[in-house]
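Letter by letter, the chains look like this.
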Amino acid sequence: MRRPQRRLVAKQGRSQDADEIRLLEAWIDAGKPLRGTKPPPPPESSSAADARRIARAVAAKAAAGEYSEYGACTRFDELPLSKKTKDALRKAGYKEMSEIQRAAIPHALCGRDILGAAKTGSGKTLAFVIPVLEKLYRANWSRDDGVGCIIISPTNDLAGQIWDVIRKVGKHHGFSGGAIVKRTGIDEEKELINRLNIIVCTPGRLVQHFDETPNFDCSQLQILVIDEADQMLHRDFQSQVDIIISQIPKVQTLLFSATQTKSIKDLARVNLKNPEYISVHEQASTATPDNLEQCAMIVPLEQKLNMLWSFIKRHLKSKILVFLSSVKQVKFVYEIFKKLRPGIPLKCMHGRMKYEVQQAIVAEFNESTSVMFSTDIFARGLDIGDVDWVVQVDCPESVALYIHRVGRTARYNKRGKSLIFLCPEEEKMLERLKATESKIPINVRKPKVEQLEQISQNIAAVLVKFPNLQQLGKRAFVTYLKSMYLQKDKEVFDLSRFSAENFAAYASSLGLPVTPKIRFVSHKKNASKKDMEDTDVKQKAKVIEINPQANRDMLADDELDDDDILKPKKATTDANIYGLHDILSPKASSTGTNMEPEKVKELVDRPLKKKKLKINVHRPVGTRVKYDDEGNAIDPLASLAEEVGSEGVIHKDKISQRYAEMLREMQEDDKEDKAQHKKSLHEKKLQKKMKLKRKRQEETDEVSEDSGSESDRGGQNMSYKGKKKYLNASDEDEGGDEAKKLLAQQEALALKLLGKMHD
Ligand SMILES: Nc1ncnc2c1ncn2[C@@H]1O[C@H](COP(=O)(O)OP(=O)(O)OP(=O)(O)O)[C@@H](O)[C@H]1O
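Summarised in this report is the structure supplied together with it. The structure presented is a predicted model; accordingly, all values stated were derived computationally and were not measured.

**Notes on the sheet that holds strand β13 (residues 416–422)**
Piece 1. Within the open sheet, the seven strands sit side by side as β10-β11-β9-β12-β13-β8-β14. Their pairing is parallel. For this open sheet the edge positions go to β10 (346–349) and β14 (442–445), each flanked by a neighbour on one side alone. Neighbouring strand axes in the sheet, compared pairwise and without regard to direction, differ in orientation by 20 degrees on average.
Piece 2. In this sheet, strand β11 (residues 371–374) lies alongside β10 in parallel orientation, the contact comprising four bridges. Considered in β11, the bridge of L346 is made with V371.
Piece 3. Across the sheet, helix α12 (residues 304–314) lies against β8 (292–298), β9 (320–323), β11, β12 (389–392) and β13, angled at about 160 degrees from β13, the strand it touches most.
Piece 4. Packed on one face of the sheet, helix α13 (residues 327–340) meets β10 and β11 and runs near 170 degrees to β10.

**A closer look at helix α14 (residues 355–367)**
Piece 1. For α14, built from 13 residues, the straight-helix expectation of 18 Å at 1.5 Å per residue is met to within 8% by its first-to-last C-alpha distance of 19 Å.
Piece 2. Looking only at α14, the buried set comprises Y355, Q358, I361, V362 and F365. Around the axis of α14, the buried residues are gathered within 125 degrees of arc, so they sit on the same side.
Piece 3. Taken together, the buried residues of α14 touch α6 (156–169), β9, β10 and β11.

**Some details on the nonpolar core**
Piece 1. Judged by nonpolar contacts, the single largest core of 139 residues is most densely connected at I198, L308, F332, F337, F373, F378 and F477.
Piece 2. When residues in this core are grouped by element, the largest group, 10 residues, is from helix α18 (residues 467–486).
Piece 3. Dropping the residues within four chain positions of it, F332 is found in contact with L305, I459, L463, L469, L472, G473, A476 and L510.
Piece 4. Core analysis: the next-biggest nonpolar cluster, separate from the first, contains 30 residues, C201, M232, V241 and L272 among them.

**Remarks on the packing of α18 against helix α19 (residues 500–509)**
The relative placement of two packed helices comes down to the angle between their axes together with the axis-to-axis distance.
Piece 1. Following both chains from N to C, one finds α18 and α19 inclined at 140 degrees, their axes separated by 10 Å at the closest point. As judged from the angle between their axes, α18 and α19 are oblique. Crossing of α18 over α19 shows right-handed handedness. The residues of α19 that touch α18, namely those facing F477, Y480 and L481, are F503, Y506 and A507.
Piece 2. For the contact of α18 with α19, the per-class residue count stands at six nonpolar, no polar and no charged.

**Brief notes about the pattern of salt bridges**
Piece 1. Scanning the entire structure with this criterion turns up 29 salt bridges.
Piece 2. Close ionic contact of K32 with D29 constitutes a salt bridge, the shortest N to O distance being 3.4 Å.
Piece 3. Exposure remark for K32: the relative accessible area of 37% places this residue in the partly exposed category.
Piece 4. Here the residues in one salt-bridge network are K428, E431, R432, D489 and E491, joined through shared partners.

**Quick word on the layout of surface pockets**
Piece 1. By volume, the second largest pocket is sized at about 1,000 Å³.
Piece 2. Together, 44 residues line the second largest pocket, and Q161, V165, D383, I384 and R411 are the ones closest to its centre.
Piece 3. Secondary-structure elements contributing two or more residues to the lining of the second largest pocket are α5 (124–138), α6 and α14.
Piece 4. Split into classes, the residues belonging to the lining of the second largest pocket amount to 15 nonpolar, 14 polar and 15 charged.

**A closer look at the site of the ligand**
Piece 1. Among the 19 residues in the neighbourhood of the ligand, the closest are listed as E96, G121, K124, T125 and D383.
Piece 2. Here an oxygen atom of the ligand sits 2.7 Å away from a polar atom, N or O, in the side chain of K124.
Piece 3. At 2.7 Å from an oxygen atom of the ligand is found a side-chain nitrogen or oxygen belonging to T125.
Piece 4. When isolated, the ligand has an accessible area of 640 Å², and the protein chains bury 86% of it.
Piece 5. Put simply, the ligand lies in the second largest pocket.
Piece 6. Counting residues per element, the shell around the ligand draws most heavily on α5, at three residues.
Piece 7. For the shell around the ligand, a count of residues per class yields five nonpolar, seven polar and seven charged.

About the thresholds
Numbers given for residues are sequential positions, taken from 1 along each chain in its written order. pLDDT decides what is reported in this predicted model: residues at 70 or higher carry local features, side-chain atom pairs at 80 or more are listed and counted, and totals for whole chains, interfaces and linings draw on all residues regardless. Side-chain metrics rest on all non-hydrogen atoms present in the structure, leaving aside hydrogens and water. A pair of strands is considered paired only if DSSP assigns at least 2 bridges between the two. Strands here are runs of E lasting at least two residues and helices are runs of H or I lasting at least four, both read from the DSSP assignment and numbered beginning at the N terminus. Axis definition: a line fitted to C-alpha atoms, limited for helices to the stretch in contact. Angles are taken between N-to-C directions and run from 0 to 180 degrees. It only takes one pair of heavy atoms within 4.5 Å for two residues to be counted as in contact. To estimate how far a helix should extend, the number of its residues minus one is multiplied by 1.5 Å. Buried, partly exposed and exposed residues are distinguished by accessible area as a fraction of the type maximum, computed with a 1.4 Å probe on protein chains only: under 20%, between the cut-offs, and over 50%, respectively. Working definition: the arc comes from the directions between the helix axis and the C-beta atoms, pointing outward to the latter. For the purposes of this section, nonpolar cores are sets of buried Ala, Val, Leu, Ile, Met, Phe, Trp, Tyr and Cys residues that join through side-chain atoms within 4.5 Å. Under this scheme an angle from 65 to 115 degrees is roughly perpendicular, one under 35 degrees roughly parallel, and one over 145 degrees roughly antiparallel; angles in between are oblique. A clockwise turn of the near helix away from the far one marks a right-handed crossing, whereas an anticlockwise turn of less than a right angle marks a left-handed crossing. Residue type decides the class: Asp, Glu, Lys and Arg count as charged, Ala, Val, Leu, Ile, Met, Phe, Trp, Tyr, Cys and Pro as nonpolar, and the leftover types, Gly among them, as polar. Salt bridge, as used here, is a side-chain nitrogen of Lys or Arg placed within 4 Å of a carboxyl oxygen of Asp or Glu. Each cavity reported here is a set of points on a 1 Å grid over the protein atoms alone in which a 1.4 Å probe fits but cannot get out, each pocket an open set with protein on both sides within 12 Å along at least five of seven lines, and each lining residue one with an atom within 4 Å of a point. Grid points are joined across faces, edges and corners, and a volume is the space filled by probe spheres set on the points. Only heavy atoms are used to decide nearness, and a residue is near a molecule or strand if one of them lies within 4 Å of it. Whenever a nitrogen or oxygen atom comes within 3.5 Å of another N or O atom, the pair is scored as a polar contact, on the condition that within protein one atom can donate a hydrogen and the other can accept it, and that pairs from neighbouring residues in sequence are kept only if both atoms are in side chains. Values of accessible area rely on a 1.4 Å probe in the Shrake-Rupley scheme; residue burial ignores everything except the protein chains shown. Pocket or cavity membership: a molecule qualifies when more than half of its atoms sit within 2 Å of the grid points of that site.

By themselves, these observations are geometric and do not establish any function.
Below, the structure written as structure tokens:
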């Protein structure tokens, strides 16, 4: 009974859809905005009641066959959109359009190609999601029609986020689709992919499907979207995007980014047809959101961690996103700060995590006040709620990346702040940011040195406790320098501006007792990152030791783990060596938390004195090794580096005291060992002497034997081993009678005894 009713409802729905589609087509056609036009500025804000009245009037006009020019409207419900889309937008709280939405959607609805640029957080996602849904709806697309839309984005997280918006706004449409991300296995995807109407994915995954999925069919594609287009058309994704374009038919194409490419060459590759260039903020005085407060600080390399720690400690109630340049740095800083407990939850995010884990972390970060340490995986597109601060600890590779990073805050009319640390050697970047054409209103602030906490010693103490972290620290050090070396922009990233002393001071600031050894490849200096990796894997690089006196274990580790390709500025023999003493006893230059302003500046140039290695902390002698829950060896000193409460107190005085005790114990042990050794040497000498004496004796005996009688020789043939007496075969011949006599006597005695027992 229910079936025919359902069919009827479906039929009615289809015919309603068909009517609506006809109406929409007519409306879109009649009210097309002129090519190359931008919408006029929005009228003075009208009341909500006015807006509703206008929307009703527009809808009535359209129904009556009189179409309004939708190119000038400001609200979603004034646009020629399906009821399904409008309902979902209303439900999601989207009413007024943002500038990019006002400018792009009317052109996109007419089927035009678009090259759109607008500031970060200005709502570009909806500017392409709405046209996608409407295109498929008006094409009467159904689940059985296969792939109708492809959206490509640079990261899985961003793909997931875009799909979430599609799900929200397209929930009343019956389209199938999904974000093809690492979560699903490729085989599972192969089965599904032809049944998806909307595919959101990274270019790499799509190319893999073109390569591996039999019958992967995009021949009916209706619309292609490339998000973060400038990045997609450049370098890393260039070849993949070229493959994609070659595999699909020419369809309506929408390109969006906050920093748009203007290169004709790039655009020619995606084959845009008479595109609309929409750059809504081109005339704006700033390239970054208006509500964003930006500042920069010149911070010496070795002070960056101190500065970051001090900053976090002063903003415990804020949601902070911290950018670092490599996965290893992210891991290291996260782990170290976690051990030092700043008093705010910490998180980390990088590309080596599983997609599910990333999603969970993003969700948590969205909800809570915390600090997230991240690589540039988070720099573009991600929309996280209410980030208060974006802190760039490492210099971005370009002004565009700076804009994307800071764009994670101050999103859609919200306020936000950003801070960037630049080394004095990277001041060229500051010049670039401040240049008029960059349109970045950035203030340079002097670090408040009285608020600067010195944490290098605390980090060193943590490294003593957790040897694994020391390895991580070394890798963080090396990858930082490596990433800098690999940067193409040598005006900003020039390692030769740093001296060996800078490296040593930086290593020390990471708590490392020695400066890790670095490899230098003198050839192929300008090779690409990929070439470098290949080179390092395939051929042994020429090795110059930056710290020749360093601990050999450490050097061996580095050779295995880090393929370094750096070129030092000067001879490296004066690099520092740090021992336990250097780590634990306060340094004259960094005893207090307060430092005079000039001193911070001096830190850049100060030559570091050579220090003497006193005790190798990593190989304490005569100490029992204990293990923690995770199976890591715990250094005997570590128990004294306990973290107390949330403040993470490190008992430096106790450590020093314990160190002195250990030293005394070790000296005593050493004395005993020496005495023992002396004694055993003496014994060995004595034995040797005895042996020699015996040998001489034997030789003398042999001489006397040679001159002795045959009968005497029989006795000599009896060899003695200890106290046992062994008889040779020849003994039987010579002493046989005597032995037989003895045996017969013993047998007689035994028989006698046996006889007595029987009696
Ligand atoms: N019309 C709108 N009304 C209210 N909020 C909106 C509107 N459009 C977008 N938003 C919200 O603004 C935020 C930023 O949008 P979106 O992520 O699309 O920005 P974007 O321009 O793509 O940024 P980015 O350049 O960083 O990728 C989102 O949280 C989104 O929900």
